[in-house]
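Examination of the molecular architecture
Spelled out, the chains give:
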Amino acid sequence: MVSSVEPGKVAWSFGPLINDNLHQSLIKFWELEEVTSGGCDVSPDDRECERKFLSTVSRDSSGRFIVSLPFKGDPKTLGNSHIGAQRRLAALERKFIALPTLREAYNEVISDYLKKGYLSEIPYSSVALSEGYFIPHHAVIRPDRTTTKTRIVLDASAKTDTGFSLNDLLMTGPNLQTDLFTLLLRFRQFEIAVTADVQQMYLRILLADDDRKYQKILYRFNEDELVRIFQFNSVAFGLRSSPYLAMRTIRQLALEEQDRFPRAAEVATHEMYMDDLTSSVPTANDAIQLAHDLIAMFKSGGFDLIKWASNSPELLAHLPESHRAAIEFTDNSDTLKVLGLKWLPVTDTFTFTINEPPANNTKRVILSTIARLFDVLGLVAPVILYAKLLLQDLWLAKIDWDEVPPQPIIDRFTEFKNELPLLSSLQIPRHLGISAGCTVRLLGFGDASLKAYGCIPLSLCRGFIHRRTVGKCLSPTVLVKYTIICHLAAFFI
């Protein structure tokens, strides 16, 4: 920092530059194979958050849930947030000038929120400017999305003039997410796979009236308008407590409706990752019944299940086309993303897609390429192990982010990079072979070397199963006796 500058001199200020995306990707890469402790210790803050939820949650006449923000600090300590929100709106509007189509897409999203009641305009007044909290917002464009490609992102971590943000004063709540490894094993368990999304899950949960003033935003639809004040009437994405409130509400729905929909309640409690629902059942009839119950149960809480997908054409035929993912059973190339894995419903296999890395071989490029490898089940664990050993040597080289590593590391990475696209030719069966009445044995193998150690659990299934006569999803089935050994997972450290 420079406190004073002599006339005619140039002042320089320096600060740390952190590549957050790469840092977070590396963290996730190493955490994928961590085994959770499975402990049930709950912190005092988490217990208090649960107590507040149970004491304030309610349902309106239509069945929708109403929740309150779990404050851990006094919201009166929030200072002026209006000025910061104005600055961020000005920055957003400069982006709109450069990208006029972004303004149109953003306006469409805001208009949709207003039409659906997620957002309401409130009068512009001194009271509205001084109380509560204004959340800065910006656009994130997701061209890979099949539905809304432009998303509004709220920054509830923006500080007020007292040094506090809204997120500083909110509890995070206990982590209610089922781990990905368990979810994927459940998804692989039975012959018929089922997936769906909860449409706009956060926004379908109403926020208590007294807390809505903490979810205000500034916006105008064009530069000829005066800036207007809007507030979210629903749980907004970007608040520290929102993931907990969303998942806890789904579990509350399952708890209250479990007598009417026991199997659907179990799936909603144990087989969801945020708004993604994944499950598997023994037969197509089981899948049809489960889908019927899930739709009815979620509808009772004001939620819609969309983007249904399955390897069963019989199930999809019972669902409205508007609520199904685009799957053509005459085309083996249709793929869907399920909990980070690419799944081909027609062939009922997992596959990998490898993006071509940059040509240069700096430390940053090597780390970025390796960190993007996602393999929570260890289906290609030997490849991941090679990458981890490469990372160790790269770290021991003690070079800067944009510096080229020693030639032996470059040679190994070049070979690795050139062979990586071969993974896209792999197709790994999703179904483990488990069926009604079958016998299942678990087998395990382990070994170690000077560089690493690992283990591979396998399942051995024997029984009878219906199989397509010519390998096509629409062909007739016959009952055949089978013995299947399946690779459950792999762990190399």
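Here the structure is shown first, and the text comes after it.
To start, this report covers the structure provided alongside it.

Parameters at a glance
- Residues numbered from 1 in each chain as written.
- Predicted model: local features only at pLDDT ≥ 70, side-chain atom pairs only at ≥ 80, totals over all residues.
- Heavy atoms only, no water.
- Helix = DSSP H or I, 4+ residues; strand = E, 2+ residues; numbered from the N terminus.
- Buried < 20%, exposed > 50% of the residue type's maximum accessible area, 1.4 Å probe, protein only.
- Contact = heavy atoms within 4.5 Å.
- Pairing = 2+ DSSP bridges.
- Axes fitted to C-alpha atoms, helices over the stretch in contact; angles between N-to-C directions.
- Salt bridge = Lys/Arg side-chain N within 4 Å of Asp/Glu carboxyl O.
- Core = buried A, V, L, I, M, F, W, Y, C linked by side-chain atoms within 4.5 Å.
- Parallel < 35°, antiparallel > 145°, perpendicular 65-115°, else oblique.
- Nonpolar A, V, L, I, M, F, W, Y, C, P; charged D, E, K, R; others polar.
- Expected span 1.5 Å × (residues − 1).
- Arc of directions from axis to C-beta.

**Structural notes on the overall build of the protein chain**
Helix and strand counts for the protein chain come out as 13 helices and 20 strands. Among the 493 residues that make up the protein chain, the fraction classed as buried is 46%. Look at the contacts in the protein chain between residues 6 or more apart in sequence, and 71% of them connect residues 24 or more apart.

**Observations concerning the sheet that holds strand β9 (residues 228–232)**
Taken in spatial order, the three strands line up as β3-β9-β8 in an open sheet, and their pairing is antiparallel. At either end of the open sheet lies a strand with only one pairing partner, and these are β3 (119–122) and β8 (216–219). Ignoring which end each strand starts from, the neighbouring axes of this sheet average 35° apart.

**Focus: the pattern of salt bridges**
As enumerated under the stated definition, the model contains 21 salt bridges in all. The shortest N-O distance in the salt bridge between E50 and R248 comes to 2.9 Å. Here the residue E50 occupies a position in helix α2 (residues 44–56), and R248 occupies one in helix α7 (residues 242–257), the gap between them amounting to 198 residues. On the basis of relative accessibility, which here comes to 22%, the residue E50 falls in the partly exposed class. The class of R248 is buried, set by a relative accessible area of 10%. We note a salt bridge from R260 to E257, for which the minimum N-O separation is 2.8 Å.

**Observations regarding the environment of H323**
Within the secondary structure, H323 sits in the loop between α10 (313–317) and β13 (336–338). On the accessibility criterion, H323 (27% relative accessible area) is partly exposed. It is 9.6 Å that separates the C-alpha atoms of H323 and D197, two residues lying 126 residues apart in sequence. With residues up to four places along the chain from it excluded, the contact list for H323 reads L305, I306, K307 and W308.

**Some words on the nonpolar core**
Core analysis: the biggest nonpolar cluster contains 119 residues, and L166, M201, L294 and F298 have the highest contact counts within it. For L166, the residues in contact, after removing those within four places along its chain, are F71, L78, Y133, I135, A156, Y214 and L239. Judged by nonpolar contacts, the second largest core, of eight residues, contains L432, C438, C461 and Y482.

**Topic: the sheet that holds β13**
Across the sheet, which stays open at both edges, the four strands sit in the order β13-β14-β15-β16 with antiparallel pairing between neighbours. Every other strand in the sheet has two partners, leaving β13 and β16 (428–429) as the edge strands with one partner each. One ladder, built from three bridges, connects β13 with strand β14 (residues 341–344); its direction is antiparallel. The residue of β14 that forms the bridge with L336 is W343.

**Observations concerning the pairing of strand β12 (residues 305–310)**
The element β12 is extensively covered by neighbouring structure, given that five of its six residues are classed as buried. Where strand β6 (residues 192–198) meets β12, four bridges bridge the pair, whose relative direction is antiparallel. Its bridge partner being in β12, T195 is matched across the sheet by A309.

**Thoughts on the packing of α7 against helix α9 (residues 284–300)**
Relative to each other, α7 and α9 sit at 110°, their axes nearing to 10 Å. One way to sum up the angle between α7 and α9 is to call them roughly perpendicular. Counting all contacts with α7, which are made through I250, L253, A254 and E257, the residues of α9 involved are M297, F298 and S300. The residue makeup of the contact of α7 with α9, split by class, is five nonpolar, one polar and one charged.

**Details of α2**
Over its 13 residues, α2 runs 18 Å from end to end, which matches the ideal 18 Å to within 8%, given 1.5 Å per residue. Turning to α2, its buried residues are D46, C49 and F53. For α2, the angular spread of buried residues about the axis comes to 60°, placing them on one side. Exposed and facing more than 90 degrees away from the buried side of α2 are P44 and S55. Of the surrounding secondary structure, the elements contacted by the buried residues of α2 are β2 (65–67) and α7.

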